[in-house]
Amino acid sequence: GDSVTQMEGPVTLSEEAFLTINCTYTATGYPSLFWYVQYPGEGLQLLLKATKADDKGSNKGFEATYRKETTSFHLEKGSVQVSDSAVYFCALSDRNQGGKLIFGQGTELSVKP
Amino acid sequence: GAVVSQHPSRVICKSGTSVKIECRSLDFQATTMFWYRQFPKQSLMLMATSNEGSKATYEQGVEKDKFLINHASLTLSTLTVTSAHPEDSSFYICSARPEAGATSYEQYFGPGTRLTVT
């Protein structure tokens, strides 16, 4: 079945460092891909999305490109801030699965001043 | 836009009692809502898919008689944990999928409900 694999955390960076969180997926159809962010004690917020190959999603300085050839959707940000500390979830939604979201295991990011 | 609320945000109940959690889409209509459970430091586990006006579809291993789901309108779904036990203590999160988002299947999440059963 469909699945999502993220790099393991926790990831600890200094403020203004470059961030990459790797995400790869397997899917039988043509999924939409998402990054969600969860701050402590809260629900998930949609950070960005891409619905087809080569689409780039971007928001708040974060971006990710839908790469069909490598089945990847890596999250990047050029300069992280302390306020970016959170757990980041990569997810896919496949029409063949009734549109359910399938999540990766989450990657905890901690940004130190 | 695309705001989802949950109520209550925290609840403590005694073992054997039932607890109802509400999930509302505030500024859009949602034919489909989802209920997830999240354990500490873990990802979200889909419990069930709730469709307005029809019975919920439960994931394998989720007891439908224990976790009662009702999707009474296009903006409200409820999860009732019946005869709660300490092992039901968890963080419950709902999400809603807008009608207009059907092409990408994005979901918008509520803030979660922390359930503690004593």
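As a starting point, this report considers the structure included with it. Owing to the predicted nature of the structure, the values given are computational and were not obtained by experimental measurement. In this convention, every chain numbers its residues from 1, walking through the sequence in written order. Chain labels run from A onward and ligand labels from 1 onward, assigned in the order the entries are written. Whole-chain, interface and lining totals are the exception, using all residues; otherwise, since this is a predicted model, local features are given only for residues with pLDDT of at least 70 and side-chain atom pairs are given and counted only at 80 or more. Only hydrogens and water are set aside when side-chain values are computed; all heavy atoms of the structure are taken into account.

**Description of the sheet that holds strand S7 (residues 56-59) of chain A**
Residue and element names in this part refer to chain A.
At step 1: A pair of strands is treated as paired once DSSP finds two or more bridges between them. The numbering of helices and of strands both runs from the N terminus, where a helix is a DSSP run of H or I of at least 4 residues and a strand a run of E of at least 2. Judged by pairing direction, the sheet is antiparallel, and its four strands sit side by side in the order S3-S9-S8-S7 without closing on themselves. Sheet topology places strand S3 (19-21) and S7 at the edges, where each strand pairs with a single neighbour. Each adjacent strand pair in this sheet contributes to an overall mean axis angle of 15°, direction not counted.
At step 2: With four bridges connecting them, S7 and strand S8 (residues 62-65) associate as antiparallel partners. In the sheet register, Asn59 faces S8, and the bridge partner there is Phe62. Interaxial angle, 0 to 180 degrees, is taken between N-to-C directions of lines fitted to C-alpha atoms, where a helix line uses only the stretch in contact.

**Overview of the packing of aromatic side chains**
At step 1: Side-chain rings of Phe, Tyr and Trp, where Trp is taken by its six-membered ring, are said to pair if the distance between their centres is within 6.5 Å; with planes under 30 degrees apart they count as stacked, over 60 as edge-to-face, and otherwise as tilted. For the structure on display, the rule yields 11 aromatic pairs over all chains.
At step 2: For the pair Tyr36 of chain A and Phe109 of chain B, a centre-to-centre distance of 5.1 Å together with 80° between the ring planes defines the contact as edge-to-face. Taken together, the positions of Tyr36 of chain A in strand S5 (residues 32-38) and Phe109 of chain B in strand S10 (residues 108-109) put the pair across two chains. This pair shows no difference in class: Tyr36 of chain A is buried, exactly as Phe109 of chain B is.
At step 3: Consider the rings of Phe67 of chain B and Tyr92 of chain B, whose centres lie 6.3 Å apart with planes at 45°: the pair is tilted. Separated by 25 residues along the polypeptide, Phe67 of chain B in strand S7 (residues 67-73) and Tyr92 of chain B in strand S9 (residues 90-98) bring together distant segments of the chain. Here Phe67 of chain B matches Tyr92 of chain B in class, with each residue buried.
At step 4: An aromatic cluster of at least three residues, connected via ring pairs, comprises Phe34, Tyr36, Phe89 and Phe103 of chain A together with Tyr36 and Phe109 of chain B. Only protein chains enter the calculation, and the probe is 1.4 Å; a residue is then buried if its accessible area is under 20% of its type maximum, exposed if over 50%, and partly exposed in between.

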